[in-house]
Every structure is written in structure tokens, then in C-alpha cells.
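Structure at a glance
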Amino acid sequence: MDIKKKDVSLRFCEVTIQLKLKIEEAFLELAARLFKIKQEQLFVGQYEDFGVFCQELKITESVASRLISIHEKLVLKYKISPAKIGESAGWNDAYLIATLAKTKEEAEGLLDESAVLTSTDFRESLAIKKLGHECEHPETYTIECCKVCGKKIKKFDDNNSKR
């Protein structure tokens, strides 16, 4: 690859990273707005309930709840800046931190850890912290996916399936 093409490729990747950071910042802004809308019931009069408002946004109430949890615990309770959260962790990892951290210091430590690890490695690290040791996976299941409709089916060792 010639030098000019490498420079263009590197620049494209750098701009993509900046775009991802902006998306994370936007999710955190959305979290703050959802918190305010739900707390102050700003949806009343225009939407039947908060769930209907979420449908208007094309997000599930579960996603809204996770975002609100991040805002409540990390921003409001622990006074961690949205910028630090956005730079350190994606909003999914920030949600895990919000649910697991018992103190501001622990939350900040987990944010620092998430900033240097891949999301997969960070989640493995959290699982080890939660269990107190590395899991040997004694209980597992297989997920099969229908090629026709895409439905996923859990298959357990005893050949019983749950949907």
C-alpha cells in the first residue's frame, strides 16, 4: 500500500472513531433527556404513557430504562461527567458499570478499565469480579437460528428446547 493510500485509510479510521465518540455522547444526552421526560412526565398530554413515547423514538422501554439508569447513577449520583463516560465506555458497558458499581471510586475504576480493554475483555473481567474466579462454564446451551425466519432457539443438553 502506498503512503498516500495509508494516510487516507488512517484518516478515514480516525474520523470513524470520532464519529463513534459523538454517537456515545449523543446516547448520554438522550439518557439525560429521557430521565427528564420520565421524571417530569413531559410526555403526558401527547402520548398515552412513557412506553408509547419510547415507541415514537423507536427504542424499547428496556433501552430507555438502561439509559436512564446510567444517567441516574453515574451522572447524578456519582457526579461523573458524561464526557468521561462517553470516552471510557460505550453505553452498554456504562450500563453494566452503573448496575455493578457500589461507589463513585469503583465506577471510575471500571470506566478506566473499560477504556483500555475491548468490550469483550471488559465483560469477561466483570464476570470474574462478580464470581470471584474465572468461570469453567459447567452449564451451557446451544443457540440455533432458523435460516428461514431467523428465530433463535436455545437447545439444552437434555435435548429440551426453550424459546
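Here, every reference points to the structure presented above.
Everything quoted here is computed from the prediction, not taken from an experiment. (Residues numbered from 1 in each chain as written. Predicted model: local features only at pLDDT ≥ 70, side-chain atom pairs only at ≥ 80, totals over all residues. Heavy atoms only, no water.)

Scanning the protein chain from terminus to terminus reveals 7 helices and 3 strands. Helices and strands in the protein chain line up, N terminus first, as α-α-α-α-α-α-α-β-β-β. Taking 163 residues into account, the globule formula puts the C-alpha radius of gyration at 15 Å, and the protein chain, at 20 Å, lies well above it. The C-alpha extent of the protein chain, read off along each of the three principal axes, is 55 × 50 × 40 Å. Contacts spanning at least 24 positions in sequence make up 46% of the contacts within the protein chain whose residues lie at least 6 apart. Of the roughly 11900 Å² of accessible surface on the protein chain, 54% is carried by carbon and sulfur atoms. Across the protein chain, the centroid of the 27 positively charged side chains sits 4 Å from that of the 27 negatively charged ones. (Helix = DSSP H or I, 4+ residues; strand = E, 2+ residues; numbered from the N terminus. Rg over C-alpha atoms; globule rule 2.2 N^0.38 Å. Contact = heavy atoms within 4.5 Å. Areas by Shrake-Rupley, 256 points an atom, 1.4 Å probe, with all protein chains shown as cover. Lys, Arg positive; Asp, Glu negative; His and termini not counted. Charge placed at Lys NZ, Arg CZ, Asp CG, Glu CD.)

Notably, Lys-58 is not glycine yet its phi reads approximately 65 degrees, a positive angle. The topology assignment puts Lys-58 in the loop between helix H2 (50-57) and helix H3 (61-77). A positive phi angle, near 55 degrees, is found at His-137, a position not held by glycine. As for its position among the elements, His-137 is in the loop between helix H7 (119-131) and strand S1 (141-145). According to the relative accessible area criterion, His-137 is exposed, its value standing at 56%. (Buried < 20%, exposed > 50% of the residue type's maximum accessible area, 1.4 Å probe, protein only.)

Compared with an ideal rise of 1.5 Å per residue, which puts 13 residues at 18 Å, H7 spans 18 Å between its outermost C-alpha atoms and is within 8% of the ideal. For H7, the set of buried residues is Phe-122, Ser-125 and Leu-126. Buried residues of H7 fall within an arc of 100 degrees about the axis and therefore sit on the same side. Looking at the buried side of H7, the elements it contacts are helix H5 (91-100) and helix H6 (104-116). Where H7 ends, the next residue or the one after it, Gly-132, has phi of about 90 degrees, a positive value. (Expected span 1.5 Å × (residues − 1). Arc of directions from axis to C-beta.)

So far we have only geometry, and geometry alone does not tell us how the molecule works.
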